[in-house]
Amino acid sequence: MDMILLTKSSAPIIGQLASIMGWIMDGIYRVLDLVGIQNLGLCIIIFSIIIYLLMTPLQVKQQKFSKLSSVMQPELQKIQKKYKDKKDQASMQKMQEETQLVYQKYGVSPTGSCVQLLIQFPVLMALWQVIYKIPGYVGSVKTVFTVDQIIGVSGYTDLIQNFITDNKMTRVQLALDNGKATSDSVIDFLYALSPSQWKDLASMNQFSGFSDTINTTAAEISKMQNFFGLNIADQPLNYIKAAFEGASIALAIAAIMIPILSWATQVLSYKLMPQAAASGDSNDTMQASMKTMNTVMPLMSAVFCFTF
């Protein structure tokens, strides 16, 4: 049990949410496994849909707030115009009271949208943790990896760390115990390997005595990570490079479509959300910030999908 816990997030709130989501992910995998399907791509899609459905009430409230904000803007603008040139404390207090009455009239809180976003943020961070560290949350995947032979090699920690550095696996960090990588962090390292990196690992002289075991593990996890011909452990960039070397162009196109679809669907989602009308005051600054975020976030998702 301690080994499994080490691969999980220990961050406050996010860690607890990730543990709950981990139970959901593990349950989905077990159900699919019962019908003979061992596919992490499908598991992640179902998992994401379930989490999205659970977050729907928050999103409905957020969209309701955005819609009502558009309706309230004329009244809020009228109040702001009324007190535009009045900077004394009594007038400012009166303006706040009248503004609060408008919010009460429509049954919303001035901080309603922010609160919903604050709730969603740790949920999304926990979602990321579960997907990124599946072996820590899905026991059936964790058992695929056998690390006893690797950690039995003298200096295995330095060997793995050098491999991480040489392959620029910047998102993989080894957890150390008395200067040695823990077995769980070695599992996290193995789970992060792409197909070509598995081959490089098996070809290392220090691991040559059990290269067959490494290749068998690679084949088993590759089957789990295969999704319509794409290995979800591989970057789209690798498929593009492979296409120039004579590999399948169709797979390269499919790999490119993933970041494009990620960008396009998020842009569409933002476009469909009700937008508050401009008010000519500080709310305009907030609207400008939201517009910038709505432009940057889809681009970030595309970059993540392209490079992860």
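These numbers were taken from a predicted model, which means no experiment stands behind them. Along each chain, residues carry numbers from 1 onward, in the same order as the chain's sequence is written. A pLDDT threshold of at least 70 governs which residues receive local features in this predicted model, and a stricter bar of 80 or more applies before side-chain atom pairs are shown or counted, although totals over entire chains, interfaces and linings include all residues. Where side-chain values are given, they derive from all heavy atoms of the structure, hydrogens and water being excluded.

*Asks:* Can you help me understand the side chain of asparagine 39 in this one?
*Replies:* Each helix is a run of H or I in the DSSP string that is no shorter than four residues. Each strand is a run of E no shorter than two, and both are numbered from the N terminus. With respect to the element layout, asparagine 39 can be found in the loop between α2 (14-34) and α3 (40-54). Polar contact is defined as a pair of N or O atoms within 3.5 Å, subject to the rule that within protein one atom must be able to donate a hydrogen and the other to accept it, and that residues adjacent in sequence are counted only when both atoms are side-chain atoms. At a separation of 3.0 Å, a polar atom in the side chain of asparagine 39 contacts the main-chain amide nitrogen of glycine 41. Within polar-contact distance, the side chain of asparagine 39 engages the backbone oxygen of asparagine 226 at 2.6 Å. When neighbours within four sequence positions are excluded, asparagine 39 is seen to be in contact with Leu32, Met224, Asn226 and Phe227. A contact between two residues is defined here by any heavy atoms of the two lying within 4.5 Å.

*Asks:* What exactly am I supposed to notice about the pattern of salt bridges here?
*Replies:* Close approach of charged atoms allows side chains of opposite charge to pair. We count a salt bridge whenever a side-chain nitrogen from Lys or Arg sits within 4 Å of a carboxyl oxygen from Asp or Glu. One pass over the full model with this rule turns up two salt bridges. Between aspartate 26 and arginine 30 there is a salt bridge, with its nearest N and O atoms 2.7 Å apart. Of the two residues, aspartate 26 and arginine 30 are both situated in helix α2; the distance of four residues between them amounts to about one turn of the helix. Aspartate 184 is the salt-bridge partner of lysine 142, the closest N and O atoms lying 3.5 Å from each other. Residue lysine 142 is found in helix α8 (residues 139-142), and its partner aspartate 184 is found in helix α11 (residues 183-191); the two are separated by 42 residues along the sequence.

*Asks:* I'm lost on empty space enclosed by the protein in this one. Help?
*Replies:* Where empty space is left becomes clear once a probe the size of a water molecule has been rolled over the atoms. Here a cavity is any set of points on a 1 Å grid over the protein atoms alone where a 1.4 Å probe fits but cannot get out, and a pocket is any open set with protein on both sides within 12 Å along at least 5 of 7 lines; a residue lines the site when it has an atom within 4 Å of a point. Grid points are joined across faces, edges and corners, and a volume is the space filled by probe spheres set on the points. This structure, assessed with the given rule, holds one cavity of 30 Å³ or more. As for the largest cavity, its lining consists of Phe145, Thr146, Gln149, Ile150, Leu190, Trp198, Leu201, Phe210, Thr213, Ile214 and Thr217. Under the grouping applied here, Gly and all other residues not named as nonpolar or charged are polar, the nonpolar ones being Ala, Val, Leu, Ile, Met, Phe, Trp, Tyr, Cys and Pro and the charged ones Asp, Glu, Lys and Arg. For the lining of the largest cavity, the per-class residue count stands at seven nonpolar, four polar and no charged.

*Asks:* What should I look at first to understand the nonpolar core in this one?
*Replies:* Side chains of nonpolar character tend, in soluble globular proteins, to be buried together. Of all hydrophobic cores here, the largest spans 51 residues; its most connected members are Val141, Phe145, Phe189, Leu190, Trp198, Leu201 and Phe207. Contributions of two or more residues to this core are made by α2, α3, α6 (112-132), α7 (134-137), α10 (156-166), α11, α12 (195-202) and α13 (211-225). Per element, the largest residue contribution to this core is seven residues, and it comes from α2. Once residues lying within four places of it in the same chain are set aside, the contact partners of tryptophan 198 are Phe145, Leu190, Leu193, Ile214, Thr217, Ala218 and Ile221. What we call a nonpolar core is a set of buried Ala, Val, Leu, Ile, Met, Phe, Trp, Tyr and Cys residues that are connected through their side-chain atoms within 4.5 Å. A simple rule labels every residue: compare its accessible area, found with a 1.4 Å probe on the protein chains alone, to the largest value its type can have, and call it buried under 20%, exposed over 50%, or partly exposed in between. Counting residues in each nonpolar core, the second largest holds 10 residues, with Phe65, Met72, Tyr83 and Val102 among its members.

*Asks:* I keep staring at the side chain of serine 262 and nothing clicks. Help me out?
*Replies:* One can find serine 262 in helix α15 (residues 249-272). Judged by relative accessible area, which is 15%, serine 262 ranks as buried.

*Asks:* Looking at this structure, how should I read unusual backbone geometry?
*Replies:* In terms of backbone geometry, most residues other than glycine have negative phi values and most peptide bonds are trans. Phi angles above zero are rare outside glycine, and lysine 168 is one such case at about 55 degrees. Residue position: lysine 168 is located in the loop between α10 and β1 (176-177). In this structure, phenylalanine 228 takes a positive phi of about 55 degrees despite not being glycine. Position of phenylalanine 228 relative to the elements: it lies in the loop between β3 (226-227) and β4 (230-231).

*Asks:* Help me understand the packing of α12 against α13 in this model?
*Replies:* Axes are the key here: two packed helices are described by the angle between their axes and the distance separating the axes. Lines fitted to the C-alpha atoms define the axes, with helices restricted to the stretch that makes contact. Angles between their N-to-C directions range from 0 to 180 degrees. Running from amino to carboxyl end, α12 crosses α13 at an angle of 170 degrees, the nearest separation of the two axes being 9 Å. Regarding the angle of α12 to α13, the classification is roughly antiparallel. Each of Trp198, Leu201 and Ala202 in α12 lies in contact with α13, whose residues at this interface are Ser211, Ile214, Asn215, Thr217, Ala218 and Ile221. Per-class residue counts for the contact of α12 with α13 are six nonpolar, three polar and no charged. Every angle not falling under 35 degrees, over 145, or within 65 to 115 is termed oblique; those three ranges are roughly parallel, roughly antiparallel and roughly perpendicular.

*Asks:* I'm lost on α15 in this one. Help?
*Replies:* Note that an α-helix has 3.6 residues per turn; residues three or four places apart therefore point the same way. Take the number of residues in a helix, subtract one, and multiply by 1.5 Å to get its expected span. Look at α15: 34 Å from first C-alpha to last across 24 residues, which is about the 34 Å you get at 1.5 Å a residue. For α15, the N-terminal capping position is held by serine 248, with its side-chain oxygen 3.3 Å away from the main-chain nitrogen of alanine 250.

*Asks:* What is the right way to look at the packing of aromatic side chains in this model?
*Replies:* When we look at a pair of aromatic rings, we describe it by the centre distance and by the angle of the planes. Any two of the Phe, Tyr and Trp rings considered here, Trp counted by its six-membered ring, make a pair once their centres fall within 6.5 Å; the pair's planes then place it as stacked at under 30 degrees, edge-to-face at over 60, or tilted in between. What the rule picks out here adds up to five aromatic pairs. Look at phenylalanine 207 and phenylalanine 210: their rings are 5.5 Å apart centre to centre, the planes differ by 40 degrees, and that puts the pair in the tilted class. Here phenylalanine 210 falls in the buried class, since its relative accessible area comes to 10%.

*Asks:* Before we go on, may I ask you to explain the environment of alanine 175 in this structure?
*Replies:* One can find alanine 175 in the loop between α10 and β1. A relative accessible area of 38% places alanine 175 in the partly exposed class. Between the alpha carbons of alanine 175 and valine 186 there is a distance of 8.5 Å; along the sequence they are 11 residues apart. What alanine 175 contacts, discounting residues up to four positions off in sequence, is Lys180, Ala181, Thr182 and Ser185.

*Asks:* What am I meant to see in the environment of asparagine 167 here?
*Replies:* Tracing the chain through its elements places asparagine 167 in the loop between α10 and β1. Each C-alpha atom of the pair asparagine 167 and glutamine 197 lies 8.0 Å from the other, and the pair is 30 residues apart in sequence. Leaving out residues up to four positions away in the same chain, asparagine 167 has contacts with Gln197 and Asp200. There is a polar contact of 2.9 Å between the side chain of asparagine 167 and the backbone oxygen of phenylalanine 163.

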